[in-house]
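# Structure at a glance
Listed below, chain by chain, are the residues.
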Amino acid sequence: MDTAQASEANMTSLFGLVDCNNFYASCERVFNPALNGKAVVVLSNNDGCVIARSNEAKALGIQMGEPFFKIRNLVEHNYVHAFSSNYVLYGDMSDRVMQTLSQFTPHVEVYSIDECFLDLGDFYDIDLFSYAWNIKKTVGQWTGIPVSLGVAPTKALAKVANKLAKKSKKANGVLVLTEPYHIQKALEATKIEDVWGVGSQYATFLKKHNIHTALDFSIASENWVRKHMTVVGVRLLKELRGESCLELEEITPPKKGICTSRSFGTKLTKLDDVLEATASYAARCAKKLRSQKSCARLITVFVQTNRYSENDRQYYNSKTICMPVATNSDIELIHYATLALKAIYKPNYFYKKSGVIVTEIIPENHIQYDLLDTVDRDKHSRLMKVMDGLTDRFGRSKVMVAAQGVNKDWILRSDYKSPCYTTRIAELPVVSNLI
Ligand SMILES: [Mg+2]
């Protein structure tokens, strides 16, 4: 192999992983700069527990998943600023970050709401370090969201680089891992439980076999890994050794199952109330199906009481219905969700949560029709198109199926929600100090 070939063999892949720092907490700060330097937490649905923390909140010892009531005192004394989750704002800020990133390479994989892989394979010859810094700086300037960036020859190594970029004071948010010596040091500094895809069970298992760091794992025998961790483990092994096995997934595969479930704002006992909530979740599932152009054949509804409440009698049940023809219509899914709920609902319980899961999902143009089908599917599909158009234009819950209810006593508690600064005209941020 001549030098040119050799360098090509070594330099065929390069990935960046961008991760937004404390994403939800950072979103809250963008339009409320008074929060900079303050402890900020974001709460889960129903203001239940902490799901995002600013660094200051972490320094106060607030844990991920900590129940809100445990820190209520800190909030009341203004040591901590708490927010109900505002997914409309976070979703929109996420889009802005991803769009900014796509300026730097046409090939991006949006991995989650706050993480994105970049294919930087074409950029080996440039000064990677300054390119990476430029990415971080531009996202900060254009969106106000601080990010960390790890760059390495494989996705698994980019994950390792990203974690260290965030942790290390010296890296300060950007780490480029292309030199074998640096890669080895990084693997040594990464605990096995922090490696991408190593769950807690595998971590315990590996530690029993004296594998404590990513470096220990990377020198394990391939056969041993295959035997105990299947081909998925082997792929990870190769990735950590610098051999790229996981490609960029630029198109998100359609979801195989969709679930919408929420805790109610208050405990519900009446069938009508639980029905309204469940119908709304069914409509949410239908909308998600339509947005990925698919239909579902099976619908499952479940209800449960509050399992943390010792005084309440406990009940959980679920019911699955196979629909005659796969559908993504609000009206049909609500109809079957109602039938399923009526089959499992029992009076005199305090219900805390219900949910709708749709499965057996197929592309909407692959539907098997039923000769005895009485539903006018064209009409449904036209109606749904109009409803989606209205929702996109005027916001959710402006037009809906009556079964979803109007009073919505069951709706989530979100007492500390920030405005939808970027998506609702009435909630735009106001600059008050200008004359
Ligand atoms: Mg993050």
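The structure presented is a predicted model; accordingly, all values stated were derived computationally and were not measured. For every chain, the first residue of its written sequence is number 1, and the numbers climb from 1 along that sequence. Only residues with pLDDT of 70 or above have their local features reported here, since the model is predicted, and side-chain atom pairs are shown and tallied only from 80 upward, although totals for entire chains, interfaces and linings are computed over all residues. In computing side-chain properties, one takes all heavy atoms of the structure into account and sets aside hydrogens as well as water.

### Here's the deal with the overall build of the protein
Let me state the cut-off plainly: Helix and strand assignments follow DSSP, with helices taken as H or I runs no shorter than four residues and strands as E runs no shorter than two, numbered in order from the N terminus. Throughout this description, buried means an accessible area under 20% of the type-specific maximum (1.4 Å probe, protein chains only), exposed means over 50%, and partly exposed covers the range between. Note on contacts: a residue pair is in contact if any heavy atoms of the two residues lie within 4.5 Å. Note on areas: Shrake-Rupley, 1.4 Å probe, and residue coverage restricted to the protein chains presented here.
If you tally the helices and strands in the protein, you get 14 helices and twelve strands. With respect to the principal axes defined by its C-alpha atoms, the protein has extents near 70 × 65 × 50 Å. Counting only residues that meet the buried cut, the protein has 46% of its 435 residues in that class. Contacts in the protein between residues far apart in sequence, at least 24 positions, make up 69% of those at least 6 positions apart. Accessible surface, the protein as shown: approximately 24,000 Å² in total, 52% of it carbon and sulfur.

### Remarks on the packing of aromatic side chains
Two aromatic rings, taken as a pair, are described by how far apart their centres are and by the angle between their planes. This is how it is decided: Centres within 6.5 Å make a pair out of two Phe, Tyr or Trp rings, where for Trp the six-membered ring is used; the pair is then stacked when the planes are under 30 degrees apart, edge-to-face when over 60, and tilted otherwise. Should the NZ of a Lys or the CZ of an Arg lie within 6 Å of a ring centre and within 35 degrees of the ring normal, that charge is described as sitting over the ring.
In this structure the tally under the stated criterion is 17 aromatic pairs. Ring geometry for Y349 and Y351: centres 6.3 Å apart, planes at 50°, overall tilted. You'll find Y349 and Y351 in the same group, each marked buried. Three or more aromatic residues joined by ring pairs form one cluster here, namely F23, Y24, Y87 and Y90. When the ring centre of F117 is taken as origin, the NZ or CZ atom of K155, which lies over that ring, is 4.7 Å away. When the ring centre of F350 is taken as origin, the NZ or CZ atom of K267, which lies over that ring, is 5.4 Å away.

### A look at the UniProt feature "domain: UmuC" (unreviewed entry) in the protein
As a reminder, the rule being used: UniProt positions are given in the numbering used here, feature names are shortened, and annotations may be inferred rather than shown by experiment.
The UniProt record marks residues 15–199 with the feature "domain: UmuC" (unreviewed entry), using the residue numbering of this structure. Each end of residues 15–199 is marked by a C-alpha atom, and these two atoms are 23 Å apart; helix forms 41% of the span and strand 21%.

### Some thoughts on the sheet that holds strand β9 (residues 258–268)
For clarity, the cut-off: We treat two strands as partners when DSSP finds at least two bridges between them. Only the contacting stretch of a helix is used when fitting its axis, a line to C-alpha atoms as for every element, and angles between N-to-C directions run 0 to 180 degrees.
Ordered by their spatial adjacency, four strands build an open sheet running β9-β12-β10-β11, and the pairing between neighbours is antiparallel. Of all the strands in the sheet, just β9 and β11 (316–327) have a single pairing partner and so form its edges. Each neighbouring strand pair of the sheet contributes to a mean axis angle of 15°, computed without reference to strand direction. Together, β9, β10 (294–305), β11 and β12 (351–363) form the strand contacts of helix α12 (residues 271–291), whose direction differs from that of β9 by roughly 155°. In the packing of helix α13 (residues 330–344) onto the sheet, the strands contacted are β10, β11 and β12, and the crossing angle to β11 comes to about 150°.

### Structural notes on the nonpolar core
Here is the rule we go by: Side-chain atoms within 4.5 Å link the members of a nonpolar core, which is a set of buried Ala, Val, Leu, Ile, Met, Phe, Trp, Tyr and Cys residues. Domain start and stop positions are those given by an automatic or database domain assignment.
Core analysis: the largest hydrophobic core is formed by 37 residues, its most contacted members being F23, L101, L118, I135 and I145. Only β1 (15–20), α2 (23–30), β2 (39–43), α5 (87–101), β6 (115–119), α6 (128–143), β7 (147–152) and β8 (174–176) provide two or more residues apiece to this core. Taken domain by domain, the makeup of this core includes at least three residues from each of domain 1 (3–18 + 90–240) and domain 2 (20–88). The contact partners of I145, leaving out residues within four places of it in the chain, are C20, F23, S26, C27, V30, M93, V97, V139 and G140. Counting residues in hydrophobic clusters, the runner-up holds 35 residues, among them C285, V303, L333 and V356.

### Some words on the coordination of the magnesium ion
Which entries qualify depends on this criterion: Listed donor atoms are N, O and S within 2.8 Å of the metal (Na, K and Ca: 3.2 Å). As water is not included, a site may look incomplete.
Within the protein, D19 (OD), C20 (O) and D114 (OD) serve as the donor atoms for the magnesium ion, at 2.2 to 2.5 Å. All donors of the magnesium ion belong to a single chain; written as a sequence motif, their spacing is D-C-x93-D. Highlighted residues: D19 in strand β1 and D114 in the loop between β5 (108–112) and β6, separated in sequence by 95 residues. Judged on exposure class, the residue D19 and its partner D114 are both buried.

### Details of the pairing of strand β4 (residues 80–84)
In terms of residue burial, β4 counts as a mostly covered element, since four of its five residues are buried. Pairing between β2 and β4: five bridges, direction parallel. Following the sheet pairing, V42 is matched in β4 by F83.

### A few points about the sheet that holds β6
What the five strands build is an open sheet, ordered β5-β6-β1-β7-β8; its pairing is mixed. Across the chains shown, the open sheet's two edge strands, defined by having one partner strand only, are β5 and β8. For this sheet the average axis-to-axis angle between neighbouring strands, irrespective of direction, equals 15°.

### Focus on the packing of α13 against helix α14 (residues 377–394)
Any two packed helices are characterised by the angle at which their axes cross and by the distance between the axes. Going by this rule: Any angle that falls under 35 degrees is termed roughly parallel, while one over 145 is termed roughly antiparallel, one within 65 to 115 roughly perpendicular, and all others oblique. Amino acids outside the nonpolar list (Ala, Val, Leu, Ile, Met, Phe, Trp, Tyr, Cys, Pro) and the charged list (Asp, Glu, Lys, Arg) are all regarded as polar, and Gly is one of them.
Packing of α13 against α14 leaves a shortest axis separation of 9 Å and a crossing angle of 105°. Viewed along their axes, α13 and α14 adopt a mutual orientation that is roughly perpendicular. On the side of α13, the interface is formed by D330, I331 and E332, while α14 contributes R377, H380, L383, M384 and M387. By residue class, the composition of the contact of α13 with α14 is four nonpolar, one polar and three charged.

### Considering the pattern of salt bridges
Spelled out, the test is: For salt bridges, the criterion is a side-chain nitrogen of Lys or Arg within 4 Å of an Asp or Glu carboxyl oxygen.
A full pass over the atoms with the stated rule returns 13 salt bridges. When the shortest N-O distance is used, the salt bridge between E193 and K207 registers 3.4 Å. Of this pair, E193 sits in the loop between α8 (180–188) and α9 (200–208) while K207 sits in helix α9, and the two are 14 residues apart along the sequence. Three or more residues are tied together by salt bridges with common partners; here these are K287, R290, D330 and D388.

### Quick word on the pairing of β7
Selection criterion: We call a crossover right-handed when, viewed with the strands running away from us, the connection from the first strand over the helix to the second turns clockwise.
Among the six residues of β7, six are classified as buried, and the element is accordingly described as predominantly covered. Because side chains alternate across β7, one face comprises the buried residues V147, L149 and V151, and the other comprises S148, G150 and A152, equally buried. Taken together, β7, helix α7 (residues 155–167) and β8 constitute a β-α-β crossover, and its handedness is left-handed.

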